[in-house]
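Structure assessment
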Amino acid sequence: MKTKPIYISDLHFEHKLWKSQLEFQRDELKSFTRRLEEVVVRWTDKDILSNIEKYQNNFIRHNEVIDTLLHEIGVQENKLTAFAISHPIAIDHVHFDDHSEMRESVETQQTIYNKLKKEFMRFLTVAM
C-alpha cells in the first residue's frame, strides 16, 4: 500500500496526541493496579484471585506496549527534529511519508486497551 505525503506539522501533531493518549492509559493502569491491591485483600476465592492475576499480567503487558510505542514515537520525533534543524527553510514545503503503520499500532493498542478497561470495570462490579 502506498502512503500519502504529509507535512511535518501533521506528523508532529499526531505524535503529541498519541503520546498524550498513551500517558493517560499509563496513569489509568496505575490506578487500576492500586484498585486490584484493594480487591486482593478482600477475597480468598480462587476464581477472583485468578482474575486478579490475569489483570495484573494484562496491566504489565499493556505498560510494556505503551513503553514500546512511546519509544517508537520518540525515535520518529527525533528524526523529524533532525530534519527540521538541517533543513529549516524547506521544512514547511517538504512532504513526508505518512506513518500509517505507527498509526495502526497506536489504534490497535487503543482498541485492545479499551476492551481491557471495560472488562476490568465489569470485574470490579463483582469483586468490590
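Quick look at the structure, then.

Rules used throughout
- Residues numbered from 1 in each chain as written.
- Predicted model: local features only at pLDDT ≥ 70, side-chain atom pairs only at ≥ 80, totals over all residues.
- Heavy atoms only, no water.
- Helix = DSSP H or I, 4+ residues; strand = E, 2+ residues; numbered from the N terminus.
- Expected span 1.5 Å × (residues − 1).
- Polar contact = N/O pair within 3.5 Å; in protein donor to acceptor, adjacent residues only side chain to side chain.
- Axes fitted to C-alpha atoms, helices over the stretch in contact; angles between N-to-C directions.
- Parallel < 35°, antiparallel > 145°, perpendicular 65-115°, else oblique.
- Left-handed = near helix turned anticlockwise from the far one by under 90°.
- Contact = heavy atoms within 4.5 Å.
- Nonpolar A, V, L, I, M, F, W, Y, C, P; charged D, E, K, R; others polar.
- Core = buried A, V, L, I, M, F, W, Y, C linked by side-chain atoms within 4.5 Å.
- Buried < 20%, exposed > 50% of the residue type's maximum accessible area, 1.4 Å probe, protein only.
- Patch = residues over 30% accessible without salt bridge, like charges linked within 9 Å, V, L, I, M, F, W, Y side chains within 5 Å.
- Areas by Shrake-Rupley, 256 points an atom, 1.4 Å probe, with all protein chains shown as cover.
- Salt bridge = Lys/Arg side-chain N within 4 Å of Asp/Glu carboxyl O.
- Phe/Tyr/Trp six-rings, centres within 6.5 Å; stacked < 30°, edge-to-face > 60°.

Right, let's talk about helix H2 (residues 46-86) for a bit. Spanning 41 residues, H2 covers 60 Å between terminal C-alpha atoms, matching the ideal 60 Å at 1.5 Å per step. The N-cap of H2, judged by a side-chain oxygen 3.0 Å from the amide nitrogen of Asp47 a few residues on, is Asp45.

For Phe83, the location among the structural elements is in helix H2. Each C-alpha atom, one on Phe83 and one on Ile73, is 15 Å from the other, the two residues being ten residues apart in sequence.

The next subject is the packing of helix H1 (residues 8-40) against helix H3 (residues 100-127). Put simply, H1 and H3 touch, their axes get as near as 11 Å, and they point 25° apart. Considering the angle they form, H1 stands roughly parallel to H3. Handedness of the crossing formed by H1 with H3: left-handed. Of the residues in H3, those in contact with Glu14, His15, Trp18, Gln21, Leu22, Gln25, Glu28, Leu29, Phe32, Arg35, Leu36 and Val39 of H1 are Met102, Arg103, Val106, Gln109, Gln110, Tyr113, Lys117, Phe120, Met121, Phe123, Leu124 and Ala127. Of the residues contributing to the contact of H1 with H3, the split by class is 14 nonpolar, five polar and five charged.

Side chains of nonpolar character tend, in soluble globular proteins, to be buried together. Within the largest apolar cluster, 22 residues are counted, with the highest numbers of intra-cluster contacts made by Leu36, Val39, Tyr55, Phe59, Phe120 and Phe123. Residues in contact with Tyr55, not counting those within four places in the same chain, are Leu36, Leu116, Glu119, Phe120 and Phe123. Judged by nonpolar contacts, the second largest core, of five residues, contains Ile6, Ile8, Leu11 and Phe96.

All right, on to H3 then. The terminal C-alpha atoms of H3 lie 40 Å apart, and with 28 residues this matches the ideal 40 Å at 1.5 Å per residue to within 8%. Within the span of H3, buried status applies to Met102, Arg103, Val106, Gln109, Tyr113, Leu116, Phe120, Phe123, Leu124 and Ala127.

Contact pair H2 / H3: the axes reach a minimum separation of 11 Å and the direction vectors enclose 155°. In terms of axis orientation, H2 runs roughly antiparallel to H3. Of the two possible hands of crossing, H2 and H3 adopt the one that is left-handed. Each residue belonging to the contact of H2 with H3 can be placed in one class, and the counts come to 16 nonpolar, six polar and two charged.

The grouping of Val40, Val41 and Leu49 at the surface amounts to a nonpolar patch, some 240 Å² of accessible area in total. Note on placement: Leu49 falls in helix H2.

Turning our eyes to something else, we now look at the packing of aromatic side chains. Within the structure shown, the criterion is met by seven aromatic pairs. An angle of 45° between the planes, with centres 5.1 Å apart, marks the rings of Phe32 and Phe120 as tilted. Of this pair, Phe32 sits in helix H1 while Phe120 sits in helix H3, and the two are 88 residues apart along the sequence. Take Phe32 and Phe120: they sit in the same class, and that class is buried. A ring pair is formed by Tyr55 and Phe123, whose centres lie 5.2 Å apart and whose planes are at 35°; its orientation type is tilted.

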